[in-house]
Amino acid sequence: MRIGIACYSSVGGSGALAAELGKQLSLRGHEVHFISDGIPFRLGDFQGNVFLHEVEPPHHDVFRYPPFELALACKMADLIKTHSLEVLHAHYAVPFAVAAYLAKEMCGGCPVQVVTTLHGTDITLLARGRAMYDAVRLGVEKSDAVTAVSMSLAEDTKRLFGSNKTIEIIYNFVDTVRYTRRDMSNVRRHYASPGEPILVHISNFRSVKRVPDVVRVFAGVRNTRPAKLILVGEGPEVPLARSLVRELGVEQDVYFVGTQQEVVSILSMSDVMLLPSEKESFGLAAIEAMACETPVVATAVGGLPEVVVHGETGFLTEVGDISSMIDYVNALLEDGALHRAFAKHGRERVEACFSSAGQVLKYEELYRTMVGGVVSTTFP
Ligand code: GMT
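Just so we're clear, the structure is a prediction, and the values are computed from it rather than from any experiment.

1. A closer look at the sheet that holds strand 13 (residues 314-317)
In step 1: With parallel pairing, six strands are arranged side by side in an open sheet as 10-9-8-11-12-13. The open sheet is flanked by strand 10 (254-258) and strand 13, the only strands paired with a single partner. Adjacent strand axes in the sheet meet at a mean angle of 20°, parallel and antiparallel pairs treated alike.
In step 2: Bridge analysis of strand 8 (residues 198-202) against strand 9 (residues 228-232) gives five bridges, and the strand direction is parallel. Each residue of the ladder has a partner; that of His201, found in strand 9, is Leu231.
In step 3: Packed onto the sheet, helix 11 (residues 284-291) meets strand 8, strand 11 (272-275) and strand 12 (296-299) and runs at close to 175° relative to strand 11.

2. Some points on the site of the ligand
In step 1: Around the ligand sit 16 residues in total, of which Ser14, Tyr92, His119, Lys209 and Glu280 are the nearest.
In step 2: Contact between the ligand and His119: an oxygen atom at 2.6 Å from a side-chain N or O atom of the residue.
In step 3: Protein chains shield 93% of the accessible area of the ligand, which is 480 Å² for the free molecule.
In step 4: The class makeup of the residues in the shell around the ligand is four nonpolar, eight polar and four charged.
In step 5: In this structure, the shell around the ligand is formed jointly by two domains, domain 1 (2-173 + 356-371) and domain 2 (185-353), each of which donates at least three residues.

3. Brief notes about the packing of helix 1 (residues 13-27) against helix 15 (residues 356-371)
In step 1: Interhelical geometry of helix 1 versus helix 15 gives an angle of 80° and a closest axis separation of 10 Å. It follows from the interaxial angle that helix 1 and helix 15 lie roughly perpendicular. Judged by residue contacts, Leu17, Leu21, Gln24 and Leu25 of helix 1 engage Ser356, Val360, Tyr363 and Tyr367 from helix 15.
In step 2: A class-by-class count of the residues in the contact of helix 1 with helix 15 yields six nonpolar, two polar and no charged.

Conventions adopted
- Residues numbered from 1 in each chain as written.
- Predicted model: local features only at pLDDT ≥ 70, side-chain atom pairs only at ≥ 80, totals over all residues.
- Heavy atoms only, no water.
- Pairing = 2+ DSSP bridges.
- Helix = DSSP H or I, 4+ residues; strand = E, 2+ residues; numbered from the N terminus.
- Axes fitted to C-alpha atoms, helices over the stretch in contact; angles between N-to-C directions.
- Contact = heavy atoms within 4.5 Å.
- Near = heavy atom within 4 Å.
- Polar contact = N/O pair within 3.5 Å; in protein donor to acceptor, adjacent residues only side chain to side chain.
- Areas by Shrake-Rupley, 256 points an atom, 1.4 Å probe, with all protein chains shown as cover.
- Nonpolar A, V, L, I, M, F, W, Y, C, P; charged D, E, K, R; others polar.
- Domains from an automatic or database assignment.
- Parallel < 35°, antiparallel > 145°, perpendicular 65-115°, else oblique.

And the structure:
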């Protein structure tokens, strides 16, 4: 099939997922055209049958703001025509699904099928805040098929729009061949003493991630034992996290390593992942950790209970319940057998429910049903 994938290039789970999906589809013989504002996060090295089309909004004196969304729609329309795209997969309703609808209109009744995947922020923040409600709803309603990354998000969407639209749940995934625990002892010793546990948090440091809770949980654990914390990512709350680290006197034990393209190495040196988010439609970082046999202590919000099984692959608490999180981390660090069991179950759960091998087939099947009949592949 000839597939367009429209996504944000910036750091985040939706871009990472879209990039991985495109790469896996190309390996399965499809021709994949990324449409984005830059090189999608984690797209990685050159791969045959993958094309990147960057959207450059026009700058002109008459425009107070460069019209990105219109440039995006024009780029999509151009690609639909020049590459005869059969499927256009929008990752986020706004702006991608709305632009895809516009592009289809521009092409005047062309048969391209628009698939929209909801990743969360469009529904849980943008549409709920009302300012973008109508735009998100239009994107959802006008898509030929809609998927959501968790049941929780699908239910939120239906509740919000009172819509009967079918929303298929296709969970996020990781490549379980690449995402596997490696021996990192040579690197680990630069971060922690032998036997000293490492906690890890990966996010874009937006306020919904509650990074101050990560630091507080770590400081609580650190009160009872030597330990280290690795913070991966950049974002608006980094300065707040840095000042809290200083205030709580744990500067010597916390590493801010910034955004990383590759997290398997860091997860492989880590003992517990902390994900105390206020909202999380899925929690891609949680499955990355579980794939690398790192148990997760998270909050029971959004899609996280569909990902982390409480008492089996990690622990779930209420938002802001720092003391329970500290107790759960300590329980995992004190009981080697418990930690090993959680690590094993986490890995098994990812293999069973969140592996690229299984999930990519679901997207492919959806495309196939929509396009109907014979499917063309262009790469042996
Ligand atoms: O979490 C973020 O701030 C980034 C956001 C994104 O756009 O990449 O993540 C959302 O999509 C991910 C991929 O489906 C999900 O794993 C995240 O849970 C979701 N974030 C939120 O719901 C806050």
